[in-house]
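Commentary on secondary and tertiary structure
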Amino acid sequence: MNRFTKLLMAGVIALGLTALCAASETAAATEPADALESKIVRGPSLSDLVAYGYLHNPMVAAAREEWKGSVEQYRVDTAHENPEIMVEGMYMDVPFTASAAPDDWKVGITQALPFPGRLGKAGEISEAGAGISRLKLDVAVRDVTAGLRESYQELLYLGEARRIAGLNRELLDQLVKAGETAFTSDKAALVDVLKAQAQSGQLMYDALLLGELESTEKTRINSLLSRVPDAPIGPLSDEPPRPVVYRVEEIYPLAEANYEEIRIAGANEKKASAMLDFTRYMNLPEFKVGLSYGFEDEVKQYGIEAGFMLPLWPGKNAGRLGAARADLEKMRAMKLGQVNETRVMVRDNWFRLQNSERLIKLYRDDLLPQAAKAMETAELRFRQGQGSFSDYVEVQSAFYNFQLALARAKADYGKFLARLETLAGTSLTNRGTSEPSGEAKEGAK
């Protein structure tokens, strides 16, 4: 076997191993996505949807790439300017002397040198910019997660409401039959029977409307997951309401420390401060050095040059500093405004969360059991000829409405809890664990 054959075989083997490794990496990358897709079709949990959204949401991908670009920008901003090479040539028709050659030429290279410390300040600005981009990535992950949590709760409510409407329609149909029988024996008024029939039709309309809203909510979830609008989503796992273990006074400092918009405002303030320091360096001289080599009048020449840019105009320098100071004060004011706005959002969502919790307790522990008991009593009295059919229908309607109100309150509780935890940047139902932030998720990935 000659040397060429050996090299050819080695190349074929290397290509084969490379292709095998590439195929293995592709399979490893697609396997989690395929597994999550299968879970979503069979019946996902909230964590399955969040994991899928993190991998596929285009806004998260865009924010991730923006962050990568800002990291690369650091290397650009902290590097020296490229050197400048100059080639000069001169051709003279009439030489000064008979023996002098008419061609002169020179090659030179110059390099700009900033004032010591200027590149370091430029790097601080880039670092602050990269930090802001990283926080924007966290915001994108947070918004997708919050949107999925709210849609998840809404979809649970719509499914439960449609189930309640179906059960109550079956019950109401039985009432209608009982009413029609009672009407023939003069034990029920015609208007009450017609009212029960109208309520049955209303329940059928409610079920239809809830089904369409359910499809709309699934489309919203598929949009967040970057799936086709009608992609199947299996039955959702139940998310029972979890009590909040923090007081609102404890949530304020959590939000001020973790809410991404406040952290971005703080990063903008840091960037403006670095920009102010950098502006001071812009008012200092910049240097330039160079070397040259060439021939002139048949004489070999070596050259060296040095110079500097003198920021001579005080008005221009003072204007730059004034603008940088104003921008720094602006960022400080915007951060304070964001803190104030966040406090209002915390208080507003805290009120709505507490109100939803009160409604859950009211309907679950008081009104709904009373309505169920009243419906049994009304049915018993109606069958014994002691109560009216109208009372029976009214009690059934109240029972249906209370069931819907309880389901609505549970969904609202889940939504406002998601919003409050978004502001706090941590789980509020367990002091021992925290919700993974976008940064943690990115690091885990």
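No experiment lies behind these values; they were computed from the predicted model shown.

Here we come to the environment of Phe278. With respect to the element layout, Phe278 can be found in helix H7 (residues 260-282). Expressed as a C-alpha distance, the spacing of Phe278 and Ala324, which sit 46 residues apart in the sequence, is 9.3 Å.

Another point: the packing of aromatic side chains. Applying the stated rule across the entire model yields eight aromatic pairs. Each ring, one from Phe115 and one from Tyr281, has its centre 6.4 Å from the other, and the planes form 55°; the classification is tilted. Of this pair, Phe115 sits in the loop between strand S2 (103-113) and helix H4 (118-184) while Tyr281 sits in helix H7, and the two are 166 residues apart along the sequence. On the basis of relative accessible area, Phe115 is assigned to the partly exposed category, the value being 27%. Seen in terms of ring centroids, Tyr293 and Tyr302 are 5.3 Å apart; in terms of plane orientation they differ by 45°. Their pairing is tilted.

Now for the pairing of S2. As judged from the eight bridges shared by strand S1 (residues 84-91) and S2, these two strands associate in the antiparallel manner. Across the sheet, residue Val87 finds its bridge partner in S2, namely Val107. Pairing of S2 with strand S3 (residues 286-296), which is carried by nine bridges, proceeds in the antiparallel orientation. Bridge pairing links Ile109 to Leu291 in S3.

Moving on, we get to the nonpolar core. Ranked by size, the top nonpolar core spans 49 residues in total, and within it Ile251, Val346, Phe389 and Leu420 carry the most contacts. It is helix H9 (residues 389-424) that provides the largest number of residues to this core, a total of 17 residues. Here Leu420 is in contact with Ile251, Val346, Asn349, Trp350, Leu353 and Leu428, once residues within four sequence places are set aside. In terms of nonpolar packing, the next biggest core, distinct from the first, is built from 22 residues, Leu137, Leu148, Tyr152 and Ile233 among them.

About the thresholds
Residues numbered from 1 in each chain as written. Predicted model: local features only at pLDDT ≥ 70, side-chain atom pairs only at ≥ 80, totals over all residues. Heavy atoms only, no water. Helix = DSSP H or I, 4+ residues; strand = E, 2+ residues; numbered from the N terminus. Phe/Tyr/Trp six-rings, centres within 6.5 Å; stacked < 30°, edge-to-face > 60°. Buried < 20%, exposed > 50% of the residue type's maximum accessible area, 1.4 Å probe, protein only. Pairing = 2+ DSSP bridges. Core = buried A, V, L, I, M, F, W, Y, C linked by side-chain atoms within 4.5 Å. Contact = heavy atoms within 4.5 Å.

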